[in-house]
Amino acid sequence: MCFRRAWLVALLFALGFALSGTSAEAASLDEALAHFTADDFSETVEGINEVAAGGSPRAEIILRALQNDQLMFSAERKAVYIMDDAGKLTDAASGRPVVGAAPADLDNVRINNRLRGAIEAVLGGLTLLASDPGARFAAAQAVFKSRAAGTLPTLETAIAKEQDPRVKRALMEARAAVILSVADAKDEDKLAAVDIIRQRGDQDALGLLSSLPAGTSPRVMKAASAAIAAVNNRLIVWSVVQNAWYGISLGSVLLLAAIGLAITFGVMGVINMAHGEMVMLGAYVTFVVQEAIRTKNPELFDYSLAIAIPLSFLVAGGIGMLIERCLIRFLYGRPLETLLATWGLSLILQQAVRTLFGPNNREVGNPSWMSGAFDLGGITVTYNRLWIICFALAVFAALLALLRFTRFGLEMRAVTQNRAMAASMGIRTSRVDALTFGLGSGIAGMAGVALSQIDNVSPNLGQGYIVDSFMVVVFGGVGNLWGTLVGSFVLGIANKFLEPYAGAVLGKIAILVLIILFIQKRPRGLFALKGRAVEA
Amino acid sequence: MTHILIRSLDRGATIFLIVVAAIAIAVPVLNLALPDSAALHVPTYLVSLFGKYACYALLALSIDLVWGFCGILSLGHGAFFALGGYAMGMYLMRQIGTRGVYADPLLPDFMVFLNWKHLPVYWYGFQHFPYAALMVVLVPGVLAFVFGWFAFRSRVSGVYLSIITQALTFALMLGFFRNNFGFGGNNGLTDFKDILGFNVEAKTTRAALFSVSCVAIMLGFLLCRAVITSKFGKVLIAIRDAEARTRFLGYRVESYKLLVFTLSACMAGIAGALYVPQVGIINPSEFAPANSIEAVIWVAVGGRGTLTGAVLGAVLVNYAKTFFTTGALAPYWLFMLGGLFIAVTLLLPRGVVGTLRHWTAPWRDRASAAAEDGVTEPLPAE
Amino acid sequence: MKALTSALLYLDGVTVSFDGFKALNNLSFAIAAGEMRAIIGPNGAGKTTMMDVVTGKTRPELGDVIFDGRHNLTRLDETEIAELGIGRKFQKPTVFDSHTVLDNIELALKSDRRASAALWWRESVGERRRIDEIMEIIRLTAVRGRRAGSLSHGQKQWLEIGMLLAQEPKLLLVDEPVAGMTDAETQQTAELLKEINRDRTVVVVEHDMAFVRDLHVKVTCLHEGSVLAEGTIDQVSANERVVEVYLGR
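Because the structure is predicted, anything quoted here is derived from the model rather than measured. (Residues numbered from 1 in each chain as written. Chains lettered and ligands numbered in written order. Predicted model: local features only at pLDDT ≥ 70, side-chain atom pairs only at ≥ 80, totals over all residues. Heavy atoms only, no water.)

Draft legend 1. View of the packing of helix 12 (residues 275-296) of chain A against helix 14 (residues 335-357) of chain A. All names here are of chain A. Interhelical geometry of helix 12 versus helix 14 gives an angle of 20° and a closest axis separation of 10 Å. By the angle between their axes, helix 12 is roughly parallel relative to helix 14. The two elements helix 12 and helix 14 cross, and the hand of that crossing is left-handed. Two secondary-structure elements touch here, helix 12 through Glu277, Met278, Met280, Leu281, Tyr284, Phe287 and Val288 and helix 14 through Ser346, Leu349, Gln350, Val353 and Phe357. For the contact of helix 12 with helix 14, the class distribution of residues is nine nonpolar, two polar and one charged. (Axes fitted to C-alpha atoms, helices over the stretch in contact; angles between N-to-C directions. Helix = DSSP H or I, 4+ residues; strand = E, 2+ residues; numbered from the N terminus. Parallel < 35°, antiparallel > 145°, perpendicular 65-115°, else oblique. Left-handed = near helix turned anticlockwise from the far one by under 90°. Contact = heavy atoms within 4.5 Å. Nonpolar A, V, L, I, M, F, W, Y, C, P; charged D, E, K, R; others polar.)

So, in C-alpha cells, the structure goes:
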C-alpha cells in the first residue's frame, strides 16, 4: 500500500510546511533528496514523492533529470547532482555548478518502470503547486479530466496549502475525480467524492458520475445515481437561467436598436426605414475612432468607446436632423410616402458607406475591460454582453429623464400631443421636430457603438435590425417607451427560449407569427394608448 | 358580361391593350423571322429580358391594384411572386427527370445531394402542368387569404400592415434558405430543361413565353379594369380615402380588402410563374424585402392609381436598372435607385402617368375624367 | 326576439373612460321612434363619444345600448350597426373626395353591401330614380358629375346628409351639421332635417343654440358624461345648472 504511506508522508510534510514556513522549504528539499542517495527503489519512491510534495521550484527540474537518467548521487558525500548533456554537474538542490572535481563514487539514481510511472504522475501534478493561482486552477482542471492516480499525493499537499477558495474548490474536485476512478479507494472517501462532484454539477460532473469504473461498490453506485439525478435537475435550472441570460442580452440589443425608433416612429409617428443605417453609421464611427487611435495614440485604445459614444450620437443625430429638414418634414402626414423615401435614403447611405469603407466587414476591437468572461454559477457571463445590457438600460433611463425633466422633453411632448396648440404657445415646432428626430437618430448611432462590439461592422449591419426593431415597437405599443422596454426583453427572451427547440431560423419565424397573432388580440400593442389621441 | 367589358374599355384602356398586343406580336416576329444581321432583328437575350420586364409589369399591376386603389401598401408582394415562381420551378424540376446530374428519375438533384430517399409529399403532383398551374395561383392566394384574414380583421392598416407584410416575406426568405424546407435551400431551383415538352433554352420557346407574358399583362389589366370600374372598385377607393366612413356606410371593409388582396396575390403568383422559365432560376433571394419595396417604387414612378402607369413604371425602372448596372455606372446604381425613391415621393407623388393626367385634366371633361378611372388624383392613402 | 323597450334607442348606464378620465359616466337616456332630439353640452361633455358608442366605434366598459328594442349595439361593430339602419354624419364633413357626387350617393344607396354583390352590381331604374330624388333634395343636381373634393364646405355637408338619406336609416346621428355654414344655409339645413324627421328618427348634436331653437324639439344637455337636463329648449335654458356649466350667465 505504497499509496497510503505516501499520503501519510505528504500529509506530515504539508503539516511541517505549514508550521515552519518558507525556511523549511530548502531543508525539506535536502531531506527529500537524501532518499536518492540510498540506492534503493523504495527509498527513491519516497524521494520522488517528497520532492514533489515539497513544492520547491527545483522539484520539476530534479524530477525531469531523474526521468532522463541525469540525476546522479554520491553516497560518500550524501549529495545529489544533475549532469547535463555536456557532462557538467550542478547541485540538485541549489542549481549551482559544482566547483572542483566530481565525486569519485558518482552514480546514476536508478529507476525502473514502476518508478517511471510514479515520476510521470507526480510531474503532472507538480503545476498544482505553482505559484500562479491561474496555473494551479488550470492544472486542477487538467487533473480533473485526466484523473491520473499518481497525482493524488500532490493534490493532497496542494489542497492543504491552498488559500484561494476557487482554486481549492477545483483541487477538491480533482481529488474527488481521482478517488472515484481509483478502484481500491475506501467507500467513505468515494462517497465524499461523489458529494463533491455532485456539488460541481455540470456536464463534466455528469460524465464522471456516469462512467465510474467497474467494481465500484453498490453503495457508491447508488449515491452516484442519486447525484446524477441531482446534477441533471441543476443543469435544467441552469439552462433556463442561461437562456434567460441570452434572452436578456438579445433583448438589450433589441432595446438599443428600437429605442431610437420608439422616438421617431412611436412619438413622432415618422416611419424611418433608414433607422438601421443610423445604427450602422454609429458602428462605423466606432471603427473610425479606433483606427485613429491605433495610428496616433495606441495607449488610448481602452477609451475608444468613451470617445465613440458621444461622437456617434453627434454624427448620427446630425445626419438625422439633416434628413428631417431636407426630406421628412415635407412628408408629414404621409406615412407611406415617408416609408418609401426613407427606404431610398437607406439605400443611398448603405452604398455611400460601401463606397467609402468597402463592402467587407471592418475590424472593431473590444477594449480590455469589455473582453473576457466570468462564471456565475452554471453560466458564463461575457463582459461585453454585460456592459451592453447596462448601457441599454442607462440610455433608456437617460431618455426617460430627458423627456420628463427637461424643457426640451416638455416641448417635445407638447408638440406630439397637440401641434397647433404647442405652436400657439410659442414653441417652435419645426425646431422641436428636427431635434426630436435628431435625438432618435443619435440614440440609434449610440446603439451602433454597442453593436459594433458584438456584431460584424458592415454596410448591411442596420438591415438586420430594422424589422426586429419595428416588431419591438409595434409589440410594445406605439408611443410608449415602457412598452418598448418590456417588448424588447419579452421578444429577446422568447426568441432565445424558442431557439433550442425550433432552431434559430424557425424560432425567428415563430416569433413573427406570434406577433402577428398577438396583434389580433391587441392591435395597438402591449401598452396601448387609449382615447382620442390614438385617432390622430 | 358584355357590359363589364364595355365599362372596362375606355379609350385609354383600349389603346393600352392594342399597344401591348402589338409588342406581343412584333418582338417574337422580329426575333424569329429576321436574320441576325438585319437592322431590326431583336436578339434572343433581349427577348428574355423583355419577358422579364413583362413579368415585373404584371407584378406592378397587382401591387397597384391594392395600393393605388385600396391604399394597402404591401411590402410583401415579392413573396407571392416568389411563391408562384417556386410552384412553376417545382414543375420544371420534375420535368428534368433523368437528365439531372445524378440522373435520379424521381428526385431533383439537390435532394439526391442531401441524401433524401423519398420525394416530400408537397412535391407530389407537380409533374403535371395543370396541377402546377393551379398551385401557382392557389398557394399565393391561400397565403394572402390567411394572412389578410388575420391582418384586416384586426384592422391592421397603414404602415403597420406594410411592416407586417415585410416581416412575412422576410420570414419566408429565412425559411426557404433552409435546406430541410425541401426547396433547394440557398441555390433554389435551376437547371431547367423543358416546359410542356419544349426546350426552355430554345429561341421559339423564349419568344412564346414572351408573348404569353404580354397576354398575361393584357388579361391582368382587363381584370383590374373590370374590378375598379365596378361598384366594388368604387368601394375600394372609398376605403382608400376614408376607411372609417366606409364602415359607417355599412360596408364590411375587411372582406373588400381581403378579396382584393387575395386577387392581387394570385396575379403576383402568375407573374412569378412566368418569370421563372424565362430567367431559368428561382432562389430565396426573390423573397428579400428589398425586392418587394423596389416593386412598389415601380408603381410609384409610373403613377399609383393608374394601371398604365404601373406597367410603364415597371418597364422604365427596370430598363434603367439594366442599363446602369451593366455599364461603368454600376457602383452608382443604388444611389440612383435611392434617389429615385426620394425624388418620386417628394417631387412627383402622382407618378409619371398620374402627373400627365393631372396636367391634361383641364382640357378634358372633368366629370368623365373622374368616371374614367375612378380616380384622377391619388391622394395619400391615409 | 321580444322587444325589451319601446324606445328606438335606449342607452342604459353607459360608461367609457380613457386612461382614468370618464368621457361617459353612467349615461342613460331614451329616444322614441320618430322623434328628433337635440343634444347640447360644453366641450368634453361626451357628445361625440356618445355617438362613437352608438355607432360601434368605441366600446363602453359598462352599460348597454339597445336599438329597436332588441339589438344590443355594444356587441356589434360599425358595419353591423350601419346595416341595422343607423346612419352617422361626422362633425367634419367626410365624403369620398376622389369620387363624384353621384358616386358618393351611389355608394351610400341602400343595397347589398357584400363584396361579391358589389362586383356584379348594376344600377336599376328604381335606384337611378332614387338618386335623382336625393340630388334634388340636397340641391346638388347641377354638380352631380363633379368630384366631391372640389365642393364647397356647405355643399359637402349637404352631400353627407344626402348620403345619409340614401342609406335609408331608421336612425340618423348628425354631428354639428351647421358648423361653418352661413345663416341662410343653416336655416335650409334646419328645414332639411325637419323634412327628414318626417319618416326617420334624428339625433342632432349641435352647439349653435339658434339652430337648436329653430328645430323646436326636445333637448338633452350633457355634462361630464351624464345627462344634466332634459326638456324643451326653454326648460333647459332656464335650468340653473345648465346656465352655470354651459350657457354662461
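Picking up after the structure, the text goes on.
Draft legend 2. Examining the interface of chain B and chain C more closely. Across the boundary between the two partners, chain B contributes 31 residues, which contact 35 residues of chain C. Buried area between chain B and chain C, summed over both chains or domains, comes out near 3,100 Å², and the portion from carbon and sulfur atoms is 60%. The largest per-residue losses of area from chain B upon contact with chain C belong to Lys231, Arg245 and Phe248 of chain B, which jointly make up 27% of the total buried on that side. Inspection of the region where chain B meets chain C yields five salt bridges. Taking the shortest distance from any N to any O, the salt bridge between Lys234 of chain B and Glu106 of chain C comes out at 3.3 Å. Summed over the shared surface of chain B and chain C, the number is 19 residue pairs in polar contact (both at pLDDT 80 or more). Breaking the side of chain B that touches chain C down by element, the ones donating at least two residues are helix 1 (2-8), helix 9 (231-241), helix 10 (243-248), helix 11 (253-279) and helix 16 (366-373) of chain B. Take the side of chain B that touches chain C: its biggest share by element is eight residues, from helix 9 of chain B. Of the residues contributing to the side of chain B that touches chain C, the split by class is 14 nonpolar, seven polar and ten charged. (Buried area = accessible area lost by both parts, 1.4 Å probe. Salt bridge = Lys/Arg side-chain N within 4 Å of Asp/Glu carboxyl O. Polar contact = N/O pair within 3.5 Å; in protein donor to acceptor, adjacent residues only side chain to side chain.)

Draft legend 3. A look at the packing of aromatic side chains. Tallied over the full model, the rule gives 36 aromatic pairs over all chains. With centroids separated by 4.6 Å and ring planes inclined at 45°, the aromatic side chains of Tyr86 of chain B and Phe176 of chain B adopt a geometry described as tilted. One end of the pair, Tyr86 of chain B, is in helix 4 (residues 77-96); the other, Phe176 of chain B, is in helix 7 (residues 158-177), and 90 residues separate them in sequence. When sorted by exposure, Tyr86 of chain B lands in the same class as Phe176 of chain B, which is buried. With a centroid separation of 5.2 Å and 85° between ring planes, the pair formed by Phe323 of chain B and Phe324 of chain B is classed as edge-to-face. Ring pairing ties together the aromatic residues Tyr86, Phe110, Tyr122, Trp123, Phe176, Phe181, Phe183 and Phe287 of chain B, which thus form one cluster. Across from the ring centre of Phe137 of chain A, 4.0 Å away, lies the NZ or CZ of Arg166 of chain A, which sits over that ring. Taking NZ or CZ as reference, Arg419 of chain A lies 5.8 Å from the ring centre of Tyr332 of chain A, over its face. (Phe/Tyr/Trp six-rings, centres within 6.5 Å; stacked < 30°, edge-to-face > 60°. Buried < 20%, exposed > 50% of the residue type's maximum accessible area, 1.4 Å probe, protein only. Lys NZ or Arg CZ within 6 Å of the ring centre and 35° of its normal.)

Draft legend 4. Highlighting the pattern of salt bridges. Taken as a whole and assessed by the stated rule, the structure comprises 43 salt bridges over all chains. A salt bridge links Asp195 of chain A to Arg198 of chain A, with the shortest nitrogen-to-oxygen separation between them at 2.9 Å. Here Asp195 of chain A and its partner Arg198 of chain A are both found in helix 9 (residues 187-200), three residues apart, which amounts to about one turn of the helix. Glu337 of chain A is the partner of Arg304 of chain B in a salt bridge, and the nearest nitrogen-oxygen pair spans 2.7 Å. Residue Arg304 of chain B is located in the loop between helix 12 (289-302) and helix 13 (307-325), and its partner Glu337 of chain A is located in helix 14; the two belong to separate chains. Put simply, Glu243, Arg247, Arg252, Glu254 and Lys257 of chain B together with Asp77 of chain C are held in one network by salt bridges that share partners.

Draft legend 5. Structural context of the interface of chain B and chain A. Facing the 42 residues of chain B at the interface are 38 residues of chain A. Roughly 3,600 Å² is buried in total at the junction of chain B and chain A, and carbon and sulfur atoms are behind 82% of that figure. Inspection of the region where chain B meets chain A yields one salt bridge. Considering every element that reaches the side of chain B that touches chain A, the biggest residue donor is helix 7 of chain B, with twelve residues.

Draft legend 6. Quick peek at the sheet that holds strand 1 (residues 71-74) of chain A. Residues and elements named next belong to chain A. Spatial ordering of the open sheet is given by 3-2-1-4, a layout of four strands whose pairing is antiparallel. Among the strands making up the open sheet, the edge pair consists of strand 3 (89-91) and strand 4 (107-108). Sheet topology note: the strand 1/strand 2 (residues 79-83) ladder contains four bridges and is antiparallel. What sits directly across from Ser74, in strand 2, is Ala79. (Pairing = 2+ DSSP bridges.)

Draft legend 7. Fine view of the side chain of Ser249 of chain A. Residue position: Ser249 of chain A is located in helix 11 (residues 218-267). Ignoring sequence-local partners within four residues, the contact set of Ser249 of chain A consists of Arg385 and Ile389 of chain A.

Draft legend 8. Structural detail: the pairing of strand 1 (residues 9-18) of chain C. Residue and element names in this part refer to chain C. Among the ten residues that make up strand 1, eight are buried, leaving the element largely enclosed by the rest of the structure. Taken together, the seven bridges between strand 1 and strand 2 (residues 21-31) define a ladder with antiparallel strand orientation. Residue pairing across strands places Phe18 opposite Phe21, the latter belonging to strand 2. In sequence, strand 1 turns back onto strand 2 through a hairpin of two residues, with Asp19 there showing a positive phi of about 45°.

Draft legend 9. The arrangement of the pairing of strand 1 of chain A in detail. Residue and element names in this part refer to chain A. Burial along strand 1 is two-sided: the face carrying Leu71 and Phe73 and the face carrying Met72 and Ser74 are both buried. Between strand 1 and the antiparallel strand that follows it, strand 2, lie four residues; Lys78 among them carries a positive phi value of about 55°. Here strand 1 pairs with strand 4 via two bridges, running antiparallel. From the neighbouring strand, Met72 faces strand 4, where its bridge partner is Asn108.

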